[in-house]
Amino acid sequence: MATAETGIGKAAKRKEDRRFLTGEGRYTDDIDLPGQVYACFLRSPHAHARINRIDTGPAREAPGVVAVYTGDDLAADGVGGIPCGWQITDVDGQPMKEPAHPALAQGKVRYVGDQVAVVIAESYHQAKDAAERIDVDYDILDAVVSPAEALEEGRPQVHDEAPGNQCYVWELGDGDAVDDAFNRAAHVTRLDLVNQRLAPNAIEPRAAVASYSRGEDQYTLYTTSQNPHVTRLLMSAFVLNLPEHKVRVVAPDVGGGFGSKIFHYAEEAVLTWASRKVGRPIKWTAERVESFMSDAHGRDHVTHAELAMDDSGKFLGMRVNTKANLGAYLSTFAPSVPTILYGTLLAGQYTTPAIHCRVTGVFTNTAPVDAYRGAGRPEATYVVERLVSAAAREMGMDQAEIRRRNFIPRDAFPYQTPVALTYDVGDYDATLTEAMRMADVDGFEARRKEAQARGKYRGIGYSTYIEACGLAPSNIAGALGARAGLFEAGEVRLHPTGKVTVFTGSHSHGQGHETTFAQIVASRLGVPYEDVDVVHGDTDRIAFGMGTYGSRSLAVGGSAIMKALDKVIDKGRKIAAHMLEAAEQDIEYDDGTYRVAGTDKEISMGEIAFSAYVPHNYPLEQLEPGLDENAFYDPTNFTYPAGSHICEVEVDPDTGKVEVVNFTAVDDFGNVINPMIVEGQVHGGLAQGIGQALLEQCIYDPDSGQLVTGTYMDYIMPRADDLPSFRVGTQNTPCTHNPLGVKGCGEAGTIGSPPAVIDAIIDALSPLGVRHLDMPATPVRVWQAIQDAQGSRAA
Amino acid sequence: MNVSLTVNGKAVSAEVEPRTLLVEFLRDELGLTGTHVGCDTGQCGACTVHLDGRAVKACSVLVGQADGAEVLTIEGLAGEDGSLHPMQAAFHEQHGLQCGFCTPGMVMAAIDLVRSYPGASDTTIRAQLEGNLCRCTGYENIVRAVRTGAANMEAQ
């Protein structure tokens, strides 16, 4: 029922909150099964080493130990490697290099944290103690951690199958047209950019509990996953060779994902396999230090980028050359992130007519790199917006003016970019205008002067970003290398009493699906919000699903539910026609009520549901009983959320400390179902984007390959006192091609914000001669940039 | 070794290994899984509980140190009729949680914060929550929730 508080567009309070607020949430580590034993993974202490011998004898004899397994045990049972779900085709037409990714190391370890063996014991402490008694004879090899260095001649080779550590070279766009644009240019802006490596850091560490029932020949895996069906498919079909229907994967409450829990990890397969070997359920929960070492990381690009303009600041062409670190092995979606999700976004919000992008995917002795919130799109936005802001400074143009001069105008949609995407709709000037109003840009110069009087340098930075979300049309994704479909499944089940259960193949790990989807269903069926429950995360309860990432849950998963609702309503119309003794075409449906047009004869959805399950007065000859419909929805295009972020910082020139004093985000997410949840998603995304800009980075020692930032004492997470209070708003143009008109909001904050922060700092320090900064803009780095600029001025 | 303490108003007593952490005792011995573990270095605050009325990180306290003490966890906050504590209600009202994993620790820390700093400013709230990591909310709505929770607690 579209009540004042819970209808579409209303800030309904979340259904899921109560269990989380009272300690009744059920996360993977909260699950204990009878007879359960515990696993500890022995991980490589070396970045690169040959394994001569593993002696597990002393560990096997340690107190409480049930079993110890190595890669040889897996191989003896025919266990396969961890598969990659996306194949990129090299510029020469060959498939990418795809070396084996054993679930437990075989022959070699390739990064610090690579799993070497698993110990299973009666308690976790016993398993951990015993793991220390495994004696591994390593020949330590030289390691390489930086993507640029890994491509150089004579560097250590991570895989024999990938000479020069090159996984692929991928190109997009018309290189000749770009060359021509640069030949005609009045001005060219050039930048060398580093998009540093990040650790996703969901606060819930990865965990899994696996069990095997001999009686039913059935495996059950509870795991911290954003997409349990995909995990089941990959693990059963490619790793363990198990019948898919004999494997149940449950992702219960999951404490944040941010991409890192999309992927099928080796630990899941090893535990599932071992649960049958030992005949007991096995639990494993990562320690945080293991999370830092073994969760797939994000970003890690080194890029040279160039933007060609005419003398009025109109963009003529863009050229981008990126070396992307893929880590030691290909994680599930890894190859697609710096290619399909990156190169295609380089048009940004602009009419740049010619763009060429070349990406080299590189193996290094580091943890695998895969999708992290935004995945490819933050990297693209960082390149585009840093270029645009630098160009404006070099040309002496206003930051808003250079953007407006190059925006795709609102009447130019659908708009075909030179990098493969067709944007369906947008109004970029509207979000910029609103953001400038909310940020009080007019008052900035006065604030800058006031700060100067206090000895602080104040600056303002802009980012007008676009993203491609709602992943994805399966046929397009397939043509681009996806080895899976990217549709979503939804089911709407009315019970005889009119209560409703909704099943979705997407997964909520903080996004609030139980609320948002219930709002949609309750509104459409005209039933109370309280009467709708949403089920997700269990392959035994939900037909299928591709999970949650790429801001796809509402745009794709919500659309599948809309399709299922249409089927329910259509069937209900047939039942109503029979019960109201009218022709089907004379039945109108509105908000839970079927009515014979032009009469007061009507019947409610609740009565229809009852009739469907107690079909005494029912058109049984034409219609099956029951009211339970499922649907699959495959989108026809990506969605294109876009927006304008404006950041104001103050820099203390004596310490290099940067304070974000104002941050304004105005986004276009299409229609909004729950503005409270959308705002929360933006806040969280901004925190991660600002975290990247100012604080966070994974550092591997360049010589030893050791992960230097392996705890929260070394890896700087944004805390409450690092962040400002955000000003957020929306200026929406509904998506033109999905039934809800929605675009997705989960990643926008992370995509749009980093260049706004960095350019605000550069703007603040430009009076001192600072022209460039890399992320994270730590105090020491900012202070050094000031000293260098001052030094070069003096010289 | 034997420990006896009061947890959420109930006397409990158990034989434990001396190395047992308070958070392990709560989760593994008592099944109070509302208290979470997010790190191994005392940094994330997900395991925050009250020990004799003050917020502590239960990963940094041995259960032996809590012998004879009163411990309050997230499970002990709501009224017997199921009514939420004013701070729990405020987090719901202000959308101060998303995935829920940091939430129990955040709520326990917030209650102590309000008692220690009545009428705290946003700056004080942010500074005092520095020991609790949240990766979902960007803290904006947590700050609002603490403010609302403080007002709710005062009104009670």
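From a predicted model like this one, the values you see are computed outputs, not experimental measurements.

**Topic: the overall build of chain B**
Consideration 1: The secondary structure content of chain B amounts to 5 helices and 5 strands.
Consideration 2: Across its three principal directions, the C-alpha atoms of chain B cover 45 × 35 × 25 Å.
Consideration 3: With 156 residues in all, chain B has 56% of them scored as buried.
Consideration 4: Contacts in chain B between residues far apart in sequence, at least 24 positions, make up 59% of those at least 6 positions apart.
Consideration 5: By element, 47% of the accessible surface of chain B is carried by carbon and sulfur atoms, the whole surface being about 6,000 Å².
Consideration 6: Between the centroid of the 10 positive side chains of chain B and the centroid of its 18 negative side chains there is a distance of 8 Å.

**Let's talk about the domain arrangement of chain A**
Residues and elements named next belong to chain A.
Consideration 1: Taken domain by domain, chain A consists of domain 1 (17-24 + 487-633), domain 2 (31-141 + 204-255 + 261-294) and domain 3 (373-471 + 637-794).
Consideration 2: Taking only C-alpha atoms into account, the centre of domain 1 sits 40 Å from that of domain 3.
Consideration 3: Listed as interface residues are 18 residues of domain 1 and, on the opposing side, 20 residues of domain 3.
Consideration 4: Both faces combined, the contact of domain 1 with domain 3 buries some 1,300 Å², and carbon together with sulfur accounts for 63% of it.
Consideration 5: On the domain 1 side of the contact with domain 3, Gly550, Ser551 and Ala555 bury the most area, a combined 34% of that side's loss.
Consideration 6: One can count 0 salt bridges joining domain 1 with domain 3.
Consideration 7: In this structure, the connection of domain 1 to domain 3 is made through 6 residue pairs in polar contact (both at pLDDT 80 or more).
Consideration 8: Of all the secondary structure elements, the ones that give two or more residues to the side of domain 1 that touches domain 3 are helix 15 (513-525) and helix 16 (553-579).

**Side note on the packing of aromatic side chains**
Residue and element names in this part refer to chain A.
Consideration 1: For the coordinates displayed, the defined rule picks out 19 aromatic pairs over all chains.
Consideration 2: Members of the aromatic cluster, each reached through a chain of ring pairs, are Phe315, Tyr350, Phe407, Phe413 and Tyr428.
Consideration 3: A cation sits over an aromatic face here: lysine 15 above tyrosine 529, 4.6 Å from the ring centre.

**A look at the interface of chain B and chain A**
Consideration 1: Counting residues at the interface gives 45 residues for chain B and 52 residues for chain A.
Consideration 2: A combined buried area of about 4,200 Å² lies between chain B and chain A, and 54% of that area is made up of carbon and sulfur atoms.
Consideration 3: The salt bridge involving arginine 27 of chain B is made with aspartate 29 of chain A; its shortest N-O contact spans 2.8 Å.
Consideration 4: Across the chain B-chain A interface, the total number found is 30 residue pairs in polar contact (both at pLDDT 80 or more).

**A short note on the domain arrangement of chain B**
Residues and elements named next belong to chain B.
Consideration 1: One can read the domain layout of chain B as domain 1 (2-76) and domain 2 (86-155).
Consideration 2: Facing the 18 residues of domain 1 at the interface are 15 residues of domain 2.
Consideration 3: At the boundary of domain 1 with domain 2, total buried surface from both sides reaches about 1,300 Å², with 57% on carbon and sulfur atoms.
Consideration 4: When the buried area of domain 1 at its contact with domain 2 is split by residue, His36, His50 and Ile74 rank highest and sum to 39% of it.
Consideration 5: Scanning the region where domain 1 abuts domain 2 turns up 1 salt bridge.
Consideration 6: Put simply, arginine 54 and aspartate 112 hold a salt bridge, and the shortest N to O gap is 3.1 Å.
Consideration 7: Remark: the boundary between domain 1 and domain 2 carries 8 residue pairs in polar contact (both at pLDDT 80 or more).
Consideration 8: Breaking the side of domain 1 that touches domain 2 down by element, the ones donating at least two residues are strand 3 (48-51) and strand 4 (54-57).
Consideration 9: For the side of domain 1 that touches domain 2, the per-class residue count stands at 7 nonpolar, 9 polar and 2 charged.

What counts, and where the lines are drawn
Residues numbered from 1 in each chain as written. Chains lettered and ligands numbered in written order. Predicted model: local features only at pLDDT ≥ 70, side-chain atom pairs only at ≥ 80, totals over all residues. Heavy atoms only, no water. Helix = DSSP H or I, 4+ residues; strand = E, 2+ residues; numbered from the N terminus. Buried < 20%, exposed > 50% of the residue type's maximum accessible area, 1.4 Å probe, protein only. Contact = heavy atoms within 4.5 Å. Areas by Shrake-Rupley, 256 points an atom, 1.4 Å probe, with all protein chains shown as cover. Lys, Arg positive; Asp, Glu negative; His and termini not counted. Charge placed at Lys NZ, Arg CZ, Asp CG, Glu CD. Domains from an automatic or database assignment. Buried area = accessible area lost by both parts, 1.4 Å probe. Salt bridge = Lys/Arg side-chain N within 4 Å of Asp/Glu carboxyl O. Polar contact = N/O pair within 3.5 Å; in protein donor to acceptor, adjacent residues only side chain to side chain. Phe/Tyr/Trp six-rings, centres within 6.5 Å; stacked < 30°, edge-to-face > 60°. Lys NZ or Arg CZ within 6 Å of the ring centre and 35° of its normal. Nonpolar A, V, L, I, M, F, W, Y, C, P; charged D, E, K, R; others polar.

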